[in-house]
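Letter by letter, the chains look like this.
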Amino acid sequence: MHLGLFLFPAGHHVAAWRHPDANAAAGVDFAWYRDLARKAEAACFDLIFLADGAGARSEDPEVLSRSAHAYVAQFEPITLLSALAASTDRIGLVCTISSSFNEPFHAARKIASLDHISGGRAGWNLVTSASDSEARNFGLDAHLAHAERYERAGEFADVVHALWNSWDADAFVRDKQAGRFFDPAGRHVLNHQGRFFKVKGPLNVPRPPQGRPVTVQAGASEAGRDLAARTADVVFTAQQTLEEARAFRTDLLTRAGRPIRVLPGLFPVVAPTRAEAEDKFATLQDLIHPDTGLDLITGGWLRDVLAKCDLDAPPPELPPTNGSQSRQELLFDMARREGLTLRKLYLRVAGARGHQQVIGTPQDIADAMQERFESGGADGFNIMPPLMPQGLDDFTALVVPELRRRGLFRDRYEGRTLRDHLALEGA
Ligand SMILES: Cc1cc2nc3c(=O)[nH]c(=O)nc-3n(C[C@H](O)[C@H](O)[C@H](O)COP(=O)(O)O)c2cc1C
């Protein structure tokens, strides 16, 4: 089983920052992140993951001012991962890069540099971004259409992968005697010309230690699945039920025709007894402000529509979003399936945001993970502790030993690179 730690400043529960024990300034506290990364490494996790938004997810200052969740105040992820690379030794370092608001040459150069700095532990989560408010930071009045931004993402991924092949592994001969720094035969000029990008190359960073740092994706729409099947090594996803998880993974592997590690998110609330675990969760639920709840289920889209609705009535039929298509579908399918009102829906997703949520004993959590893993619903999990560091400490102290007792999770690192940890071939 492969485990990622989905890092989120104070924790994944939308109200985590308001918890009496929380570090509300965690988003810009380097020592905080360093300690969390070291805890995950001590537990032999495959990777840590930093999500990102190129700006806050919505623009309503009243609503935003109540949330520490909407990418309002936190470090730029590659800058942070580069510092964490120097504070860790084995754990993989993955962060989000938007193909909508970046240039592929910059992305290739930054991730290749991180791969060198970390000795082969770098990965990137290629996203198309999902909000108009981000787009307005990059000269646009509204975000690119879903289909167009996925087409751009496909070309973006191809250019980045091609730029990582700019140099043969042994190109840099650095022969002081002969005065030859690199072998010209080992240098490959790209000359890419596409619909969105024109990139000559080569990259001015030598071949990354992993050859191709790990490429992650997290889209689940038709376009998202096709792109992942063609270019990803790892896919993050949100899957509510076992059937949905199995269907998603089977569909993806069929489309790809090659190994991809599928890591759904898991929001574990664990304690020695179920009652204690329920109490922990209830404490966080009581801290939710209605404004942040509504924002959570809309991701900033359609907020104006829902704000006019009766919170204690079922959600209305909504037009398709130009935001996260699969996420809107997942949340409102859940509301229909479980007969939830709007208020009950945001209380239901305030913790896990549509990912699998398990509240219980270490055995309960391990059972849920083992079932998904052994029935083809997952290759591992992206762990989303509700509150940091308590939720992570509980998971590593209570659940990880249970997983090891069942022979499901490593007790030491065998390899050095992220590809080694994920048992992915070199590229
Ligand atoms: C675990 C996970 C992590 C994600 N991280 C980010 C992120 O950091 N930034 C972002 O803009 N979108 C992120 N997304 C959203 C996806 O990139 C994508 O927009 C979403 O899954 C909807 O995709 P679809 O429109 O193809 O259905 C994440 C999704 C998942 C499941």
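For every chain, the first residue of the written sequence is number 1, and numbering continues from 1 along that sequence. In keeping with the predicted nature of the model, local features appear solely for residues at pLDDT of at least 70, side-chain atom pairs appear and are counted solely at 80 or more, and the whole-chain, interface and lining totals rest on all residues. Side-chain figures throughout are based on the complete set of non-hydrogen atoms in the structure, without hydrogens or water.

Here's the deal with the overall build of the protein chain
Then, in step 1: The secondary structure listing takes helices from DSSP runs of H or I that are at least 4 residues long and strands from runs of E that are at least 2 residues long, numbered from the N terminus. On a plain count of helices and strands, the protein chain comes out with 16 helices and 11 strands.
Then, in step 2: It is over C-alpha atoms that the radius of gyration is taken, and the globule rule equals 2.2 Å times the number of residues to the power 0.38. What you see for the protein chain is a C-alpha radius of gyration of 21 Å, in line with the 22 Å of a compact globule of 427 residues.
Then, in step 3: For the protein chain, the spread of C-alpha atoms along the principal axes amounts to about 75 × 50 × 40 Å.
Then, in step 4: In the protein chain, buried positions account for 56% of the 427 residues.
Then, in step 5: Taking as baseline every contact in the protein chain between residues at least 6 positions apart, the subset at least 24 positions apart corresponds to 77%.
Then, in step 6: A 1.4 Å probe and the Shrake-Rupley method give the accessible areas. Residues count as covered only by the protein chains that appear here. Carbon and sulfur atoms provide 50% of the accessible area of the protein chain, an area that totals close to 17,500 Å².
Then, in step 7: Charge counting follows a simple rule: Lys and Arg are positive, Asp and Glu are negative, and His as well as the terminal groups are ignored. Lys charges are placed at NZ, Arg charges at CZ, Asp charges at CG and Glu charges at CD. Averaged over its 48 positive side-chain charges, the protein chain has a centre that lies 4 Å from the centre of its 55 negative ones. Each residue is assigned to one of three classes by its accessible area relative to the maximum for its type, calculated with a 1.4 Å probe on protein chains only: buried under 20%, partly exposed between the two thresholds, exposed over 50%. Contact criterion: two residues are considered in contact whenever any of their non-hydrogen atoms come within 4.5 Å of each other.

Digging into the environment of Ala223
Then, in step 1: Mapped onto the secondary structure, Ala223 falls in helix α7 (residues 222–231).
Then, in step 2: Between the alpha carbons of Ala223 and Ala147 there is a distance of 7.0 Å; along the sequence they are 76 residues apart.
Then, in step 3: With sequence-adjacent residues up to four places away left out, Ala223 is seen in contact with His146 and Tyr150.

Thoughts on the side chain of Arg149
Then, in step 1: Position of Arg149 relative to the elements: it lies in helix α6 (residues 146–163).
Then, in step 2: A polar atom in the side chain of Arg149 sits 3.0 Å from the backbone oxygen of Leu144.
Then, in step 3: Once residues within four sequence positions are removed from consideration, Arg149 is found in contact with Ser99, Ser100, Thr128, Ser129, Ala130, His143, Leu144, Asn322 and Gly323. Each polar contact in these results corresponds to two N or O atoms within 3.5 Å; when the atoms are within protein, one needs to be able to donate a hydrogen and the other to accept it, and residues that are neighboring in sequence are counted only if both atoms are side-chain atoms.

Structural notes on the pairing of strand β1 (residues 2–7)
Then, in step 1: Across the 6 residues that make up β1, a large majority, 6, are buried.
Then, in step 2: In β1, alternate side chains face the same way, and those of His2, Gly4 and Phe6 on one face and Leu3, Leu5 and Leu7 on the other are all buried.
Then, in step 3: Any two strands with at least two DSSP-identified bridges between them are counted as paired. Bridge count between β1 and strand β11 (residues 380–383): 4 bridges; the pairing is parallel. When the sheet's bridge partners are listed, Gly4 is paired in β11 with Asn382.
Then, in step 4: Both β1 and strand β2 (residues 47–50) contribute to a ladder of 4 bridges, which runs parallel.

Some remarks on the packing of α7 against helix α8 (residues 242–256)
Then, in step 1: Here the axes come from fitting lines to C-alpha atoms, over the contacting stretch only for helices, and the angles between their N-to-C directions go from 0 to 180 degrees. Put simply, α7 and α8 touch, their axes get as near as 8 Å, and they point 50° apart. In terms of orientation, α7 and α8 fall into the oblique class. The way α7 lies across α8 gives a crossing that is right-handed. In this structure, α7 uses Glu222, Arg225, Asp226, Ala228 and Ala229 to contact α8, whose residues at the interface are Phe248, Asp251, Leu252, Arg255 and Ala256.
Then, in step 2: Partitioned by chemical class, the residues of the contact of α7 with α8 number 5 nonpolar, no polar and 5 charged. With respect to orientation, any angle under 35 degrees is reported as roughly parallel, any angle over 145 as roughly antiparallel, any angle of 65 to 115 as roughly perpendicular, and every other angle as oblique. Crossings are sorted by hand: turned counterclockwise from the far helix by less than a right angle, the near helix makes the crossing left-handed, and turned clockwise it makes it right-handed. Three residue categories are used. Nonpolar comprises Ala, Val, Leu, Ile, Met, Phe, Trp, Tyr, Cys and Pro, charged comprises Asp, Glu, Lys and Arg, and polar comprises the others, including Gly.

Concerning α8
Then, in step 1: The length a helix should cover is 1.5 Å for every residue beyond the first. A rise of 1.5 Å per residue sets the reference length of α8, with its 15 residues, at 21 Å; its end C-alpha atoms lie 21 Å apart and thus fit the reference within 8%.
Then, in step 2: Those residues of α8 that sit buried are Leu242, Ala245, Phe248, Arg249, Leu252 and Ala256. All buried residues of α8 project into a common sector of 135° when viewed along the axis, lining one side. Across from the buried face of α8, at angles greater than 90 degrees, the exposed residues are Glu243 and Thr254.
Then, in step 3: Residues of α8 that are buried make contact with α7, β8 (234–237), β9 (261–270) and α14 (362–374).
Then, in step 4: Looking one or two residues past α8, Gly257 carries a phi angle of roughly 65°, positive in sign. The arc in question is formed by the directions pointing from the helix axis toward the C-beta atoms.

Points about helix α12 (residues 325–338)
Then, in step 1: Taking 1.5 Å of rise per residue, 14 residues should cover 20 Å, and α12 covers 20 Å from first to last C-alpha, within 8% of that figure.
Then, in step 2: Burial in α12 covers these residues: Gln328, Leu330, Leu331, Phe332, Met334 and Ala335.
Then, in step 3: A positive phi of about 60° marks Gly339, the residue just after α12.

Some points on the domain arrangement of the protein chain
Then, in step 1: What marks off one domain from the next here is an automatic or database domain assignment. Under the domain assignment, the protein chain is made up of domain 1 (2–162 + 191–273 + 355–421) and domain 2 (289–349).
Then, in step 2: A straight line from the C-alpha centre of domain 1 to that of domain 2 covers 24 Å.
Then, in step 3: Taken together, the contact between domain 1 and domain 2 spans 24 residues of the former and 19 residues of the latter.
Then, in step 4: Surface buried jointly by domain 1 and domain 2 totals about 1,700 Å² across both partners, of which 52% is contributed by carbon and sulfur atoms.
Then, in step 5: Per-residue buried area on domain 1 facing domain 2 is highest for Val63, Arg66 and Gln240; these three make up 29% of the total on that side.
Then, in step 6: Each salt bridge in this description consists of a side-chain nitrogen of Lys or Arg and a carboxyl oxygen of Asp or Glu lying within 4 Å of one another. Run the count over domain 1 and domain 2 and you get 1 salt bridge. Buried area is calculated as the accessible area (1.4 Å probe) missing from two parts once they are joined, with the contributions of both summed.

As for the environment of Val400
Then, in step 1: Along the chain, the position of Val400 falls in helix α15 (residues 390–405).
Then, in step 2: Taking the C-alpha atoms as reference points, Val400 and Thr128, separated by 272 residues in sequence, lie 33 Å from one another.
Then, in step 3: Residues in contact with Val400, not counting those within four places in the same chain, are Ala43, Phe45, Phe395 and Phe409.

Topic: the site of the ligand
Then, in step 1: Being near a molecule or strand, for a residue, comes down to having at least one heavy atom within 4 Å of it. Near the ligand there are 24 residues, and of these His146, Tyr150, Ala218, Ser221 and Ser326 occur at the shortest range.
Then, in step 2: A distance of 2.6 Å separates an oxygen atom of the ligand from a polar side-chain atom of Tyr150.
Then, in step 3: Top element by residues in the shell around the ligand is α12. It accounts for 3 residues.
Then, in step 4: When the residues that make up the shell around the ligand are grouped by side-chain class, the tally is 8 nonpolar, 13 polar and 3 charged.
Then, in step 5: Mapped onto the domain boundaries, the shell around the ligand takes at least three residues apiece from domain 1 (2–162 + 191–273 + 355–421) and domain 2 (289–349).

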